[in-house]
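# Examination of the molecular architecture
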Amino acid sequence: FSGLADVSITEDIPVEGEITVPVGSHSPDEDFSTLDEPVRDTIMRDLKAVGKKFVHVMYPKKSSALLRDWDLWGPLVLCVSLALMLQGGSADSKDDGGPQFAEVFVIIWFGAVVITLNSKLLGGTISFFQSLCVLGYCVLPLTVAMLVCRLVLLAGSGTVSFVIRLIVVVAMFGWSTLASTAFLADSQPPNRKALVVYPIFLFYFVISWMILTFTPQ
Amino acid sequence: IASLIMYLFAEFDDAANLLAANPDATTISIDEPVEIPKNQHGRLPEPGREEDDELLGTDDSDKTELLAGQKKSAPFWTFEYYQTFFDVDTYQVLDRIKGSVFPVPGKNFVRLYIRSNPDLYGPFWICATLVFTIAVSGNLSNFFIHLGKPTYHYVPEFRKVSIAATTIYAYAWLVPLALWGFLMWRNSKVMNIVSYSFLEIVCVYGYSLFIYIPTAILWIIPQKVVRWVLVTFSLCLSGSVLVMTFWPAVRDDNRRIALATVGTIVLLHALLAVGCLAYFFDAPEVDFPVPIIPAHNGTTVITKSQ
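Note that the structure is predicted; figures quoted are calculated from it, not measured. Position numbers for residues count from 1 along each chain, tracking the sequence in the order it is written. Labels follow written order: the first chain is A, the first ligand is 1, and so on. This being a predicted model, a pLDDT of at least 70 is required before a residue's local features are given, and a value of 80 or more before pairs of side-chain atoms are given or counted; all residues contribute to the totals for chains, interfaces and linings. Calculation of side-chain values draws on the structure's entire complement of heavy atoms; hydrogens and water are dropped beforehand.

## As for the overall build of chain A
Working definition: helices are DSSP H or I runs of at least four residues, strands are E runs of at least two. Numbering for both runs from the N terminus. Across its full length, chain A holds nine helices and zero strands. Sequence-ordered secondary structure for chain A, helices as α and strands as β, is α-α-α-α-α-α-α-α-α. A 1.4 Å probe rolled over the protein chains alone gives each residue an accessible area, and that area as a share of the maximum for its type sets the label: buried under 20%, exposed over 50%, partly exposed in between. Burial analysis of chain A (217 residues in total) assigns 41% to the buried set. Note on definitions: a residue-residue contact is assigned when non-hydrogen atoms from the two residues lie within 4.5 Å. Across chain A, the fraction of contacts at a sequence separation of at least 24, relative to all contacts at a separation of at least 6, is 76%. Here the Shrake-Rupley method, with its probe set to 1.4 Å, supplies the accessible areas, and only the displayed protein chains count as covering residues. If you sum the accessible surface of chain A, you get close to 12700 Å²; carbon and sulfur atoms cover 69% of it.

Written out as structure tokens, the structure is:
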């Protein structure tokens, strides 16, 4: 092998060739690149996803769309609107008695986190943000109930309005609990379903209580 | 020492003849870690005749204890470590709640129901339910008491939820911590037969608070006598669960210290109940005095409606 010892690559031999990767020739790549689309398309896509989830909550079927593509926009919008509607209206009264904006916010988000942790600790297979997403979206019936309550209170605040509000809130509370149970119960071990459903019941009960006891000044 | 232990357990349970039947179960080695004596104690109070399922459960508890020992070895920064504290099924939680509401005389709650599988699900969610039950019931009770008065404007009193939460969670966690520290300290001085881990004490306290949930709902009734009867009744029930749990742990100690410990446990429990009743529920049939109206000639007129 003495002849090989003389072989050496000198630096003045140019290396040539193409090292650029051709872009745009594979069609699946084009679908993932959303940088070039108009902003309106981006926003509309997200809005449609949120809207589709709202529809899924109002007519709960066992579909996995709510679980697979989770997003937290819907819960944020619902939580903020519910907390805003729970404000008493007279900003200068200190002893309003009702929950402050921050209290509602903390109860909803902290409550959802605790329930998610609870279901995961009990052996649930759902992911953290999927569970947050479902619990947040299922606040939608209660937000509708809050809206109805405020409208009824505009008309009057006697016994009749209280009975109407009670019926509406109880119905929406049942709807919320059933909707979230329909989505979440499948991911739990079978002999612990009640242990997971009860905190969800307590969570929506507290929110319903806040809605029912809302009294404007 | 085996005979002394057998004597103590004969006092503690009616099925003394069963204990005599298996003397090997009463051996205790002081050098062994705390888990082993508890294993042996778990077998002892079960009478074989009428509660066969308890006995069968005991066999499972031996296996589960071995498994629990293996499970709990996950390092504390992993999620699996905390999952071991939620390793309960629905029927187990319901059984434990039933055991706290109907205390059987002579049966130790920890030995019978917890059996080295303490869970944090029960204490946490019972405390959460109790917080909201007390706040909601207090609000409802005040509403019904003051209904009809012209000066009364209903407020949801949402501040009280945070106060209730702080009080109840502090009670359910700090008192067990103090009690556990105290028992550990006494254990180092006096060899006690029975000792509990911190989580078991938290478990007993958490489940013993369950009776206050229906009590708080019944406190809506605006009658003083009814409320005090309820307080006494629920205090007796949950207090007896606590006393029957902790008496075996302190009975070997100095008589006065043992009595003082058990007395403090019951006293704190009573303070919690009475404090909640006093703070969250307005006293019924008390009219608020109308504010002082200054008359035009300088003298003040105080009107009080009866």
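## Quick word on the packing of aromatic side chains
The rule is short: rings of Phe, Tyr and Trp, with Trp giving its six-membered ring, pair when the centres are within 6.5 Å, and they are stacked under 30 degrees, edge-to-face over 60, tilted in between. Evaluated as defined, the whole model comprises 25 aromatic pairs over all chains. An aromatic cluster is defined as three or more aromatic residues linked by ring pairs; in this entry it consists of Phe173, Tyr198, Phe201 and Phe205 of chain A. Charge over a ring is defined by NZ of Lys or CZ of Arg lying within 6 Å of the ring centre and within 35 degrees of the ring normal. Just above the ring of tryptophan 185 of chain B sits the side chain of arginine 186 of chain B; from NZ or CZ to the centre is 5.1 Å.

## Observations concerning the state of the cysteines
By disulfide we mean two sulfur atoms from cysteines, separated by a distance within 2.5 Å. If you walk through the whole model with that rule in mind, you get zero disulfides over all chains. Cysteine cysteine 149 of chain A remains unbridged, with the sulfur of cysteine 79 of chain A as its closest cysteine sulfur at 18 Å. Sulfur of cysteine 203 of chain B: no disulfide; nearest cysteine sulfur belongs to cysteine 127 of chain B and is 11 Å away. Classification of cysteine 203 of chain B as buried rests on a relative accessible area of 0%.

## Let's talk about the environment of isoleucine 163 of chain B
Residues and elements named next belong to chain B. Within the element layout of this structure, isoleucine 163 appears in helix α9 (residues 159-189). The class of isoleucine 163 is partly exposed, set by a relative accessible area of 36%. In the structure, isoleucine 163 is positioned 38 residues away from tryptophan 125 in sequence and 17 Å away in space, judged by C-alpha atoms.

## Some points on the UniProt feature "transmembrane region" (unreviewed entry) in chain B
UniProt positions are given in the numbering used here, feature names are shortened, and annotations may be inferred rather than shown by experiment. Taking the numbering used here, the UniProt-annotated feature "transmembrane region" (unreviewed entry) corresponds to residues 120-141, 161-185, 197-222, 228-250 and 257-281 of chain B. The distance separating the terminal C-alpha atoms of residues 120-141 of chain B is 31 Å; by composition the span is 95% helix and 0% strand.

## Observations regarding the interface of chain B and chain A
At the junction of the two partners, chain B supplies 25 residues and chain A supplies 30 residues. Buried area is calculated as the accessible area (1.4 Å probe) missing from two parts once they are joined, with the contributions of both summed. Interface area for chain B against chain A, summed over the two sides, is near 2500 Å², with a carbon-plus-sulfur share of 65%. Counting the surface chain B buries against chain A, the share from its top three residues, Tyr121, Trp125 and Phe158 of chain B, is 25%. Here, a salt bridge means any side-chain nitrogen of Lys or Arg that lies within 4 Å of a carboxyl oxygen of Asp or Glu. Counting across the chain B and chain A interface gives three salt bridges. Of the charged contacts, one joins aspartate 89 of chain B and arginine 192 of chain A as a salt bridge, the two residues approaching to 2.9 Å between their closest N and O atoms. For the purposes of these results, a polar contact is taken to be a pair of N or O atoms within 3.5 Å, where, inside protein, one atom must be able to donate a hydrogen and its partner to accept one; residues adjacent in sequence count only when each atom of the pair is a side-chain atom. Viewed at the interface, chain A and chain B are joined by 10 residue pairs in polar contact (both at pLDDT 80 or more).

## Side note on the UniProt feature "transmembrane region" (unreviewed entry) in chain A
All names here are of chain A. According to UniProt, the "transmembrane region" (unreviewed entry) feature falls on residues 70-89, 101-122, 134-156, 162-184 and 196-215. With 95% helix and 0% strand, the stretch residues 101-122 has end C-alpha atoms that lie 32 Å from each other. The span residues 162-184 carries 100% helix and 0% strand; its end-to-end C-alpha distance comes to 32 Å.

## A word on the nonpolar core
In terms of nonpolar packing, the biggest core is built from 113 residues, with Tyr204 and Ile207 of chain A together with Tyr205, Leu209 and Phe246 of chain B touching the most fellow members. If one sorts the elements of this core by residue count, helix α9 (residues 193-212) of chain A sits on top with 11 residues. To form a nonpolar core, buried Ala, Val, Leu, Ile, Met, Phe, Trp, Tyr and Cys residues must be joined to one another through side-chain atoms within 4.5 Å.

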